[in-house]
Amino acid sequence: MLLQKKIDRAMKWSRDRRLRSEGRDPEQEALEAEIARHGKGKWKEEELPSMEEIIREEQENRPLEKKDTFSLIVSGLITLVPVCLGLLLLLWLLVYIFFFVR
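In short, a report on the structure. (Residues numbered from 1 in each chain as written. Predicted model: local features only at pLDDT ≥ 70, side-chain atom pairs only at ≥ 80, totals over all residues. Heavy atoms only, no water.)

1. Topic: the overall build of the protein chain
What counts here: Strands are runs of DSSP state E lasting at least two residues, helices are runs of H or I lasting at least four, and both sets are numbered from the N terminus onward. Each residue's exposure class comes from its accessible area (1.4 Å probe, protein chains only) as a fraction of the maximum for that residue type: buried when under 20%, exposed when over 50%, partly exposed otherwise. Note on areas: Shrake-Rupley, 1.4 Å probe, and residue coverage restricted to the protein chains presented here.
The number of helices and strands found in the protein chain is four helices and zero strands. Secondary structure elements of the protein chain occur, N-terminal to C-terminal, as α-α-α-α. Taking all 102 residues of the protein chain together, the buried fraction comes to 9%. Of the roughly 9600 Å² that the protein chain leaves accessible, carbon and sulfur atoms contribute 62%.

2. A look at the pattern of salt bridges
The condition is simple: Salt bridges are defined by distance alone: a side-chain nitrogen of Lys or Arg within 4 Å of a carboxyl oxygen of Asp or Glu.
Within the structure shown, the criterion is met by four salt bridges. Notably, a salt bridge pairs R24 with E22, separated by 2.8 Å at the nearest N-O pair. The exposure class of R24 is partly exposed, given its relative accessible area of 37%. The exposure class assigned to E22 is partly exposed, which follows from its relative accessible area of 45%. One continuous salt-bridge network, built from bridges that share partners, spans R18, E22, R24 and E29.

3. Some words on the packing of aromatic side chains
Applied cut-off: Two rings from Phe, Tyr or Trp (for Trp, the six-membered ring) form a pair when their centres are within 6.5 Å of each other. A pair whose planes differ by under 30 degrees is stacked, one over 60 is edge-to-face, and the rest are tilted.
The final tally for this structure, using the stated rule, is two aromatic pairs. A ring pair is formed by W92 and Y96, whose centres lie 5.5 Å apart and whose planes are at 15°; its orientation type is stacked. Of this pair, W92 and Y96 both sit in helix α4 (residues 68-100), four residues apart, which is roughly one turn of that helix. Ring centres of Y96 and F100 lie 5.9 Å apart, and the angle between their planes is 40°; on these two criteria the pair is classed as tilted.

4. Observations concerning a negative patch on the surface
What counts, and what does not: Each patch is built from salt-bridge-free residues with over 30% relative accessible area, joining like charges within 9 Å and nonpolar side chains (Val, Leu, Ile, Met, Phe, Trp, Tyr) within 5 Å. Here Asp and Glu are counted as negative and Lys and Arg as positive; His is not counted, and neither are the chain ends. All charge positions are set by atom: Lys at NZ, Arg at CZ, Asp at CG, Glu at CD.
Taken together, D25, E27, E52 and E53 make up a surface patch of like negative charges. With respect to the element layout, E53 can be found in helix α3 (residues 51-61).

Remember that the coordinates give geometry; whether it matters functionally is a separate question.
The following block contains the structure:
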């Protein structure tokens with residue numbers, strides 16, 4: 001989705017605001033939700049991971065989506081092709097000046 005990050009951020013803000021109005025800590029609720037999602041049997045109660053560890057683990061295990069490789073190739077071409085064309089034009093201009101202009 002084009003605006004997925006903005007939608008997720010707005011939903012998180014709304015959820016945090018609701019939790020604060022109920023007198024609960026939003027970060028603790030998010031941590032408990034992540035622990036529930038990953039399964040409580042994975043960690044012992046006394047050594048629960050921090051939110052940063054959970055986020056890092058998710059980012060390491062996140063596979064590419066279907067269109068990610070295609071979009072990476074296209075963005076690379078959009079970036080590199082104009083640069084290469086500019087260098088070729090500069091090279092052609094230098095050759096033209098040194099060999100044909102007298």
